[in-house]
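Architecture at a glance
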Amino acid sequence: MRFIVTRKEFIKKSTALGIGAPFLSILLDSCSKEDILFPDFEVNFSGKVIVIGAGAAGLTAGYLLDKYNINFQIIEAAPVFGGRLKRADNFTDFPIDLGAEWIHEDPSVLARLISDPSVDENIEIITYSPETIYNWKDGKLKKHNWSANFYSEYKFKSTTWFGFFERFIVPNISDRIVYNSPVSEIDYSSDKVIVKNTAGDIFEADKVLVTVPIKILQTESINFVPALPSVKKAAIDSVEMPDGIKVFIEFSKQFYPDILFTDRLLSAAWSEDKLFYNAAFRKDSDKNILGLFAIGKKASVYSNLETDDEIITNILNELDTIFDGKATRFYLNHIIQNWSKEPYIQGSYSYVFNQSESATIAKLKAPLDNKVYFAGEATSSDNGATVPGAGESAYSVIEVILKE
Ligand SMILES: Cc1cc2nc3c(=O)[nH]c(=O)nc-3n(C[C@H](O)[C@H](O)[C@H](O)COP(=O)(O)OP(=O)(O)OC[C@H]3O[C@@H](n4cnc5c(N)ncnc54)[C@H](O)[C@@H]3O)c2cc1C
């Protein structure tokens, strides 16, 4: 969820919609040639690439390598693809995005991500223009419906970010993904790059593209041989990827507004660190589903609790205080996605750059001996912390690799 006024550069480019803009249905083939990111260029590379991580960046990289007939493998630690894209199919009567959910920019980005404006599929997009916005501060619940004018957001109507990748990207590359294979070492000391996983399996390639979350690089669970240059290591350590959690709760009655902030309105909008929201807004749904999105310290309050029972009790108590006990009265069911406890993610996304953002990103992206490359949301110059940013980071690095 993003207000137009925000810390991130990408919002400057986003399209502001008027309040109450009608439901929007977008045909991907309505995008023009200029929407295509991947320019024609001469491919000079014919070796093998190993991509580490099957999240948005790694999958997009695989999609592009496949397009250019390059030999590649994707090595993924988890038993599934998606990384911070994750879907709950059976929680309610529409699929729920347990990770990335909002599109955050003009939906033509979807055509750009698959580099194909002529794709003959329809994806229905909803304009996410909430009508009721409240905040809870100092024991008072206040309406701020006027602030809906400042929202500029899109969402999928009946699919999810995970579903988009599952449908348009993964079918081309599914046989190239090796699952349950946490990479523990990348040795780039000789001609070929040798990648080892925790089971001791060895993979060999001419080039390796690392797309794991920045937190995984910070914890040094991947050993680089030779060690990462100190400048790169310092850049990695300077980026904060704080806690992140999402919770969806089904109630028998809707007693909450479309958006509820639990802070002063402007602080909440600026920091974008916690909100309750009507997750069924403009979906084809008969259900009352309240979402909670929290990152940073406001996520840690929940994500550090021992059990899911403690988390949901804490949230229901909080909502009961705001809505006179209605949360407990109308509660039916919940689902919790604690991203901080996911072993191969360990948090939300790159959130704070403690040094100059552009200089840090340049150091994060810098390849090692033209053999080991880096992509992923934290390396995106314009769209960090988003799915499009992760995808675009793959486009730019694959172009570099193939041109060399
Ligand atoms: C709670 C939350 C809400 C969000 N909301 C939005 C939103 O609304 N809109 C939006 O655009 N973005 C949102 N994002 C951000 C978005 O999800 C990410 O920016 C994007 O998905 C990151 O993609 P990635 O490929 O860079 O990393 P990831 O998706 O993290 O992929 C990295 C992959 O590397 C794998 N891996 C890790 N370690 C190893 C290893 N040692 N060996 C092999 N594989 C390994 C991981 O399992 C993972 O699959 C949200 C994120 C969170 C957490």
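What comes next concerns the included structure. Here the structure is a predicted model, which means the values were calculated and not measured.

**Things to note about the overall build of the protein chain**
Helices and strands together make up the secondary structure of the protein chain, namely 12 helices and 23 strands. Of all 404 residues assigned to the protein chain, the portion counted as buried reaches 59%. A fraction of 75% describes how many contacts in the protein chain between residues 6 or more apart in sequence connect residues 24 or more apart. Counting only carbon and sulfur atoms, one obtains 49% of the accessible surface of the protein chain, whose full area is about 16,500 Å².

**Observations regarding the pattern of salt bridges**
Inspection of every chain in the model, using the stated rule, returns 18 salt bridges. When the shortest N-O distance is used, the salt bridge between Glu105 and Arg112 registers 3.2 Å. In this structure, the salt-bridge partner of Lys233 is Glu220, at a minimum N-O distance of 3.2 Å. One end of the pair, Lys233, is in helix H6 (residues 230-237); the other, Glu220, is in the loop between helix H5 (214-218) and strand S15 (223-225), with 13 residues separating them in the sequence. Taking relative accessible area as the criterion, Lys233 reaches 18% and is therefore assigned buried.

**Some details on the packing of helix H2 (residues 56-67) against helix H12 (residues 387-403)**
The angle between the axes and the distance between the axes are what describe a pair of packed helices. Between H2 and H12, whose axes approach to 8 Å, the crossing angle comes to 40°. Relative to H12, H2 is oriented oblique. As H2 runs across H12, the sense of the crossing is right-handed. Across the interface between the two elements, Ala56, Ala57, Thr60, Ala61, Leu64 and Leu65 of H2 pack against Val387, Ala390, Gly391, Ser393, Ala394, Tyr395, Ile398 and Leu402 of H12. Among the residues forming the contact of H2 with H12, the class breakdown is 11 nonpolar, 3 polar and no charged.

**Points about the pairing of strand S7 (residues 133-137)**
Among the 5 residues that make up S7, 4 are buried, leaving the element largely enclosed by the rest of the structure. As judged from the 3 bridges shared by S7 and strand S18 (residues 259-261), these two strands associate in the parallel manner. Looking at the pairing, Asn135 lines up with Phe261 of S18. Taken together, the 4 bridges between S7 and strand S8 (residues 140-143) define a ladder with antiparallel strand orientation. Its bridge partner lying in S8, Tyr134 is registered against Lys143. In textbook terms, the turn of a hairpin is the stretch between consecutive antiparallel strands, and for S7 and S8 this stretch comprises 2 residues, one of which, Asp138, has a positive phi near 50°.

**Quick look at the nonpolar core**
Nonpolar side chains in soluble globular proteins tend to be buried together. In terms of nonpolar packing, the biggest core is built from 46 residues, with Leu59, Leu110, Trp161, Phe164, Phe165 and Ile398 touching the most fellow members. Sorting the residues of this core by element identifies strand S2 (48-52), H2, strand S3 (71-75), helix H3 (109-113), strand S6 (122-127), strand S9 (154-156), helix H4 (161-168) and H12 as the ones contributing at least two each. Formed by 32 residues, the second largest nonpolar core is a distinct cluster that contains Ile186, Phe224, Trp339 and Leu364.

**A word on the site of the ligand**
Around the ligand there are 40 residues in total, and Ala57, Glu76, Arg84, Trp102 and Glu377 lie nearest to it. Take Glu377: an N or O atom from its main chain is 2.8 Å from an oxygen atom of the ligand. When the ligand sits alone it has 1,000 Å² of accessible area, and the protein chains cover 99% of it. Breaking the shell around the ligand down by element, the ones donating at least two residues are H2 and H12. In terms of residue count, H12 provides more of the shell around the ligand than any other element does, 3 residues in total. Looking at the shell around the ligand residue by residue, the class counts come to 24 nonpolar, 11 polar and 5 charged.

**Let's talk about helix H9 (residues 308-322)**
Structural remark: α-helix, 3.6 residues per turn; residues separated by three or four positions point the same way. In this model H9 runs 21 Å from its N-terminal to its C-terminal C-alpha over 15 residues, within 8% of the 21 Å that 1.5 Å per residue would give. Count one or two residues on from H9 and you reach Asp324, which has phi positive near 50°.

**So, the packing of aromatic side chains**
Taken as a whole, this structure holds 20 aromatic pairs when the rule is applied. Residues Phe164 and Phe168 carry aromatic rings whose centres are separated by 5.2 Å and whose planes lie at 45° to one another, so their mutual orientation is tilted. With Phe164 and Phe168 both in helix H4, this residue pair falls 4 residues apart, about one helical turn. Summarising the burial analysis for this pair, Phe164 and Phe168 share the class buried.

**Focus: the side chain of Glu377**
Secondary-structure assignment places Glu377 in the loop between strand S23 (372-374) and H12. Looking at Glu377, its side chain comes within polar contact range of the side chain of Ser350, at 2.7 Å. Side-chain polar atoms of Glu377 contact the backbone nitrogen of Ala385, separated by 3.0 Å. The residues contacting Glu377, other than those within four sequence positions of it, are Arg84, Tyr349, Ser350, Gly384, Ala385, Thr386 and Ala390.

Basis of the calculations
- Residues numbered from 1 in each chain as written.
- Predicted model: local features only at pLDDT ≥ 70, side-chain atom pairs only at ≥ 80, totals over all residues.
- Heavy atoms only, no water.
- Helix = DSSP H or I, 4+ residues; strand = E, 2+ residues; numbered from the N terminus.
- Buried < 20%, exposed > 50% of the residue type's maximum accessible area, 1.4 Å probe, protein only.
- Contact = heavy atoms within 4.5 Å.
- Areas by Shrake-Rupley, 256 points an atom, 1.4 Å probe, with all protein chains shown as cover.
- Salt bridge = Lys/Arg side-chain N within 4 Å of Asp/Glu carboxyl O.
- Axes fitted to C-alpha atoms, helices over the stretch in contact; angles between N-to-C directions.
- Parallel < 35°, antiparallel > 145°, perpendicular 65-115°, else oblique.
- Left-handed = near helix turned anticlockwise from the far one by under 90°.
- Nonpolar A, V, L, I, M, F, W, Y, C, P; charged D, E, K, R; others polar.
- Pairing = 2+ DSSP bridges.
- Core = buried A, V, L, I, M, F, W, Y, C linked by side-chain atoms within 4.5 Å.
- Near = heavy atom within 4 Å.
- Polar contact = N/O pair within 3.5 Å; in protein donor to acceptor, adjacent residues only side chain to side chain.
- Expected span 1.5 Å × (residues − 1).
- Phe/Tyr/Trp six-rings, centres within 6.5 Å; stacked < 30°, edge-to-face > 60°.

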